[in-house]
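The residues making up each chain are set out below.
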Amino acid sequence: MSIALALTLALAGSGTALTHPQPGDESATAHFLANEAVMVTAGETKILFDPLFTHSYGYPLVAPDTKARLMAGEGEFAGVDAVLVSHVHGDHFDAPEMNAYLAAHPEVILVAPHQARLDMQADAGWQPGFAERMRILPFVAQPQDLVIAADGDSAAISIEAVHIPHAGGPGRAHIQNMVYRVTLNGEATVMHLGDATPDPAAYAPHAGHFQEETTHNAFPPYWLIERWGGDTVRETLNADHVTGIHVPINTPISVRASREDFFTEAGETRDVHGHE
């Protein structure tokens, strides 16, 4: 039995009511910011994966002007509904910045591993009220099931999360790395894998989880494609398409030579094709 967590996040509008497209009205789009920071939009529905981090470790940072718009909720970053954090490493997550973002955007829901909440609570910018807007995933081995009903909006974000160990072996076993499968507006489904290990044994217990629903576009770290090959990644994750992320600034020869798809330049986009 796979670890599965189903969250249905309410998309509460403020001021003008949000209008969500019906299936087939408008395809979803994935927008690349840097490293593993990806924004996915479908009509007025908008989510961010791993958008706020401050350490490079050889990977690209979000450009200062892009981060300024993100923090201000301006331009393409207006109307974000939810932020999802894969794990707490500094090239994916920064507690002070996340606290500042939640303070500036009281309508945003945060989905994150328990370790992220601990880091945020230890920061001076923490506000107790943030807890009501956080969906925190405990670090446990057994399956997790949780449903949060949509409130006031029938077009919700559906999220399933499974813990897949962080790459790097036993030395990273203490890091809670979450793999998210997210469906927007009941139509387009994406998957973000954080820094998931390439060890096939970590995926075998969750084969049912991956096969029970097709992902239209998955975003694995580049090493998964490098080690497995694109066909195996697509088959294992039950994904129609994969776009590799977490590509270093000095792009590996394997990525440059590959015929597979990767996000390497900020501002790149991919269409996420949902149901026909």
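Source: prediction; values computed, not measured.

**Notes on the confidence of the model for the protein chain**
Per-residue confidence for the protein chain gives a mean pLDDT of 86; residues scoring 70 or more make up 84%. Low pLDDT, under 50, characterises residues 1-25; the predicted model gives this stretch 82 contacts beyond four residues in sequence or across chains. Of the regions scoring below 50 in pLDDT, residues 145-153 engages in 20 contacts with residues more than four places distant in sequence or in other chains.

**Observations concerning the pattern of salt bridges**
Applying the stated criterion across every chain yields a total of ten salt bridges. Across the pair Glu76 and Arg69 runs a salt bridge whose closest N-O atoms are separated by 2.7 Å. With a relative accessible area of 32%, Glu76 lands in the partly exposed category. Judged by its relative accessible area of 25%, Arg69 is partly exposed. Here Glu260 ties to Arg234 by a salt bridge, and the two come within 2.9 Å at their closest N and O atoms. With Glu260 in the loop between helix 7 (253-257) and strand 13 (261-262) and Arg234 in helix 6 (residues 230-237), the pair connects residues that are 26 residues apart, well separated along the chain. Judged by its relative accessible area of 26%, Glu260 is partly exposed.

**Describing the side chain of Thr183**
Tracing the backbone through its elements, the reader meets Thr183 in strand 9 (residues 178-184). In this structure Thr183 comes out as buried when scored by relative accessible area, which is 11%. Within the structure, Thr183 has its side chain in polar contact with the side chain of Glu213 (distance 3.1 Å). Leaving out residues up to four positions away in the same chain, Thr183 has contacts with Ala156, Ile157, Ser158, Ala188, Thr189 and Glu213.

**Looking at unusual backbone geometry**
It is generally the case that most residues other than glycine have a negative phi and that most peptide bonds are trans. Positive phi is not limited to glycine here, since Asn238 has a value of about 55°. Among the structural elements, Asn238 can be located in the loop between helix 6 and strand 12 (243-244). In the Ramachandran plot, His246 falls in the positive-phi region, its phi being about 65° despite a non-glycine side chain. Residue position: His246 is located in the loop between strand 12 and helix 7.

About the cut-offs
- Residues numbered from 1 in each chain as written.
- Predicted model: local features only at pLDDT ≥ 70, side-chain atom pairs only at ≥ 80, totals over all residues.
- Heavy atoms only, no water.
- pLDDT = per-residue confidence, 0-100.
- Contact = heavy atoms within 4.5 Å.
- Salt bridge = Lys/Arg side-chain N within 4 Å of Asp/Glu carboxyl O.
- Buried < 20%, exposed > 50% of the residue type's maximum accessible area, 1.4 Å probe, protein only.
- Helix = DSSP H or I, 4+ residues; strand = E, 2+ residues; numbered from the N terminus.
- Polar contact = N/O pair within 3.5 Å; in protein donor to acceptor, adjacent residues only side chain to side chain.

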